[in-house]
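# A closer look at the structure
Here is how the chains run, residue by residue.
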2 protein chains.
Amino acid sequence: QFVEEVLFFPDAQIACKEFFVGDGCRRLNCRFTHEHNSLSRLYTFLADAKQSLDVCVFVICCADLGDLLVTAHKNNVRVRVICDDEQIDITGSQIWRLRKEGIPVRTDNSSYLMHHKFVVIDGTHLLTGSFNWTRQAISGNQENLVALRNMRIVSQFSSEFEKLWKEFDPK
Amino acid sequence: QFVEEVLFFPDAQIACKEFFVGDGCRRLNCRFTHEHNSLSRLYTFLADAKQSLDVCVFVICCADLGDLLVTAHKNNVRVRVICDDEQIDITGSQIWRLRKEGIPVRTDNSSYLMHHKFVVIDGTHLLTGSFNWTRQAISGNQENLVALRNMRIVSQFSSEFEKLWKEFDPK
Ligand SMILES: [Zn+2]
Ligand SMILES: [Zn+2]
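Read on for a plain summary of the structure. Source: prediction; values computed, not measured.

## Details of the overall build of chain A
- When you go through chain A residue by residue, the secondary structure sums to 6 helices and 7 strands.
- Walking chain A from its N terminus toward its C terminus, one meets helices and strands in the order β-α-α-β-α-β-α-β-β-β-α-β-α.
- Taken over the C-alpha trace, chain A has a radius of gyration of 15 Å; the compact-globule value for 171 residues is 16 Å, and the two agree within 12%.
- For the C-alpha atoms alone, the extent of chain A along its principal axes is close to 50 × 35 × 35 Å.
- The 171 residues of chain A split such that 58% are buried.
- Of the roughly 7700 Å² of accessible surface on chain A, a fraction of 47% belongs to carbon and sulfur atoms.
- Of note, chain A has its 20 positive side-chain charges centred 4 Å away from the centre of its 22 negative side-chain charges.

## A word on the coordination of the zinc ion (ligand 1)
Residues and elements named next belong to chain A.
- In this structure, C16 (SG), C25 (SG), C30 (SG) and H34 (NE2) serve as the protein donors to the zinc ion (ligand 1), at separations of 2.1 to 2.3 Å.
- Coordination at the zinc ion (ligand 1) is tetrahedral, judged from the 4 donor atoms that bind it and the angles of 106 to 111° they form at the metal.
- The sequence pattern formed by the donor residues of the zinc ion (ligand 1) is C-x8-C-x4-C-x3-H. Grouping residues by exposure puts C16 and C25 together as buried.

## Examining the pattern of salt bridges
Residue and element names in this part refer to chain A.
- Tallied over the entire structure, the rule returns 19 salt bridges over all chains.
- In this structure, E18 and K17 form a salt bridge, with 3.6 Å as the shortest nitrogen-oxygen distance.
- Taking the relative accessible area as the measure of exposure, K17 reaches 13% and is therefore buried.
- For E18, the salt bridge goes to R27, with nearest N and O atoms at 3.1 Å.
- A relative accessible area of 27% means that E18 is categorised as partly exposed.

## As for the coordination of the zinc ion (ligand 2)
Residues and elements named next belong to chain B.
- Those protein atoms acting as donors to the zinc ion (ligand 2) are C16 (SG), C25 (SG), C30 (SG) and H34 (NE2), and they sit at 2.1 to 2.3 Å.
- Here the zinc ion (ligand 2) binds 4 donor atoms, and the angle range of 105 to 111° at the metal identifies the geometry as tetrahedral.
- Read from N- to C-terminus, the donor residues coordinating the zinc ion (ligand 2) fall into the pattern C-x8-C-x4-C-x3-H.
- Overall, the relative accessible area of 21% leaves C30 in the partly exposed class.

## Focus: the pairing of strand β1 (residues 5-9) of chain B
Residue and element names in this part refer to chain B.
- With 5 of its 5 residues buried, β1 lies for the most part within the structure.
- Where β1 and strand β7 (residues 143-148) come together, 5 bridges link them in antiparallel fashion. Of the residues in β7, the one forming a bridge with L7 is L145.

## So, the packing of helix α2 (residues 38-47) of chain A against helix α3 (residues 63-74) of chain A
Residue and element names in this part refer to chain A.
- Contact geometry for α2 and α3: axes closest at 10 Å, N-to-C directions at 15°. As the angle between them shows, α2 and α3 are arranged roughly parallel. Read as a crossing pair, α2 and α3 show a hand that is right-handed. Two secondary-structure elements touch here, α2 through L39, L42, Y43 and L46 and α3 through D64, L65 and L68.
- In the contact of α2 with α3, the residues fall into 6 nonpolar, no polar and 1 charged.

## Quick word on the sheet that holds strand β3 (residues 78-83) of chain B
Residue and element names in this part refer to chain B.
- Across the sheet, which stays open at both edges, the 7 strands sit in the order β1-β7-β6-β5-β2-β3-β4 with mixed pairing between neighbours. Where the open sheet ends on each side, the last strands, each with one partner, are β1 and β4 (105-107). Geometrically, the sheet is characterised by an average inter-axis angle of 15° between neighbouring strands, direction not taken into account.
- One ladder, built from 4 bridges, connects strand β5 (residues 117-121) with strand β6 (residues 125-129); its direction is antiparallel.

## Quick word on the interface of chain A and chain B
- Of the residues lining the interface, 34 residues belong to chain A; the matching set on chain B comes to 32 residues.
- Both faces combined, the contact of chain A with chain B buries some 2800 Å², and carbon together with sulfur accounts for 58% of it.
- When the buried area of chain A at its contact with chain B is split by residue, F8, H115 and Q142 of chain A rank highest and sum to 22% of it.
- Scanning the region where chain A abuts chain B turns up 0 salt bridges.
- Run the count over chain A and chain B and you get 20 residue pairs in polar contact (both at pLDDT 80 or more).
- In terms of residue count, helix α6 (residues 151-167) of chain A provides more of the side of chain A that touches chain B than any other element does, 7 residues in total.
- Taken together, the residues of the side of chain A that touches chain B break down into 14 nonpolar, 13 polar and 7 charged.

Calculation criteria
- Residues numbered from 1 in each chain as written.
- Chains lettered and ligands numbered in written order.
- Predicted model: local features only at pLDDT ≥ 70, side-chain atom pairs only at ≥ 80, totals over all residues.
- Heavy atoms only, no water.
- Helix = DSSP H or I, 4+ residues; strand = E, 2+ residues; numbered from the N terminus.
- Rg over C-alpha atoms; globule rule 2.2 N^0.38 Å.
- Buried < 20%, exposed > 50% of the residue type's maximum accessible area, 1.4 Å probe, protein only.
- Areas by Shrake-Rupley, 256 points an atom, 1.4 Å probe, with all protein chains shown as cover.
- Lys, Arg positive; Asp, Glu negative; His and termini not counted.
- Charge placed at Lys NZ, Arg CZ, Asp CG, Glu CD.
- Donors = N, O, S within 2.8 Å, 3.2 Å for Na, K, Ca; no water.
- Tetrahedral: all angles 85-135°; square planar, octahedral: opposite > 155°, others 65-115°.
- Salt bridge = Lys/Arg side-chain N within 4 Å of Asp/Glu carboxyl O.
- Pairing = 2+ DSSP bridges.
- Axes fitted to C-alpha atoms, helices over the stretch in contact; angles between N-to-C directions.
- Parallel < 35°, antiparallel > 145°, perpendicular 65-115°, else oblique.
- Left-handed = near helix turned anticlockwise from the far one by under 90°.
- Contact = heavy atoms within 4.5 Å.
- Nonpolar A, V, L, I, M, F, W, Y, C, P; charged D, E, K, R; others polar.
- Buried area = accessible area lost by both parts, 1.4 Å probe.
- Polar contact = N/O pair within 3.5 Å; in protein donor to acceptor, adjacent residues only side chain to side chain.

See the structure below:
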């Protein structure tokens, strides 16, 4: 059940992806936490997508979050990604991997920043805030991510996504 | 009247502060716009504060927005500012000016980022998103700012502000 809530970061420990949204964790001494935290909630939001994930995030270089997009794509969820053109080649960037898996990724083509950090889930739910998809944002920085399902607000983000998606069409 | 809404940036033109929240614009050929846009809404939200402005924003270097904090402070609104320690000395930073005017500013003391970009207004209204208080964010970047008054959410941001305010006490 999707509840309007706020996730604050940093988390004290990295949440175990296998435990929360995988087939269960089989590690004997797992170095990740099995306690709920902000990242585990984010995992769940993304893994619960049934139809679509419209991801519009400045920088995406957390492999665990990249994994969830690939899994969703393989499960026939329509995944689309917009990010900043100057961030696609940085260390750990997930963008080439997402493209290799067949997920369409578009970028701005500007020295200004495509600085959004939001995801629209199934056209009805929104995550937005200061949070880029990086390890530093998860376990170092002060960050927030608000989960909303107020349709007045969600639909404006959906429209913004569609507007940018067209604007950043490379053709 | 505060309405839950979304502000998207960039604005095509910079909104005239004097026109929207000052004593009226007396410029013969004003180079700023007198049409409503996202920045003019942000001006209004800040200028409408009656009791308090709890500003927790990574980087603050837009002088027009700095002006609004100083004006609020002079009008006996309790203004408190948290920003990132590595951003206080950058070109255009408003922080030293705010401190000189008597507004308390606290910063993290860490190589990680104090990356929030939110303001709690009068303890009841919230602005949060990707938007830093810079000229580039206003008129160049793709940015968002959500205006909320859902108390479940606003109160969590208020608590986060108080937590960080204590944590970043230099004493
Ligand atoms: Zn585990
Ligand atoms: Zn004017």
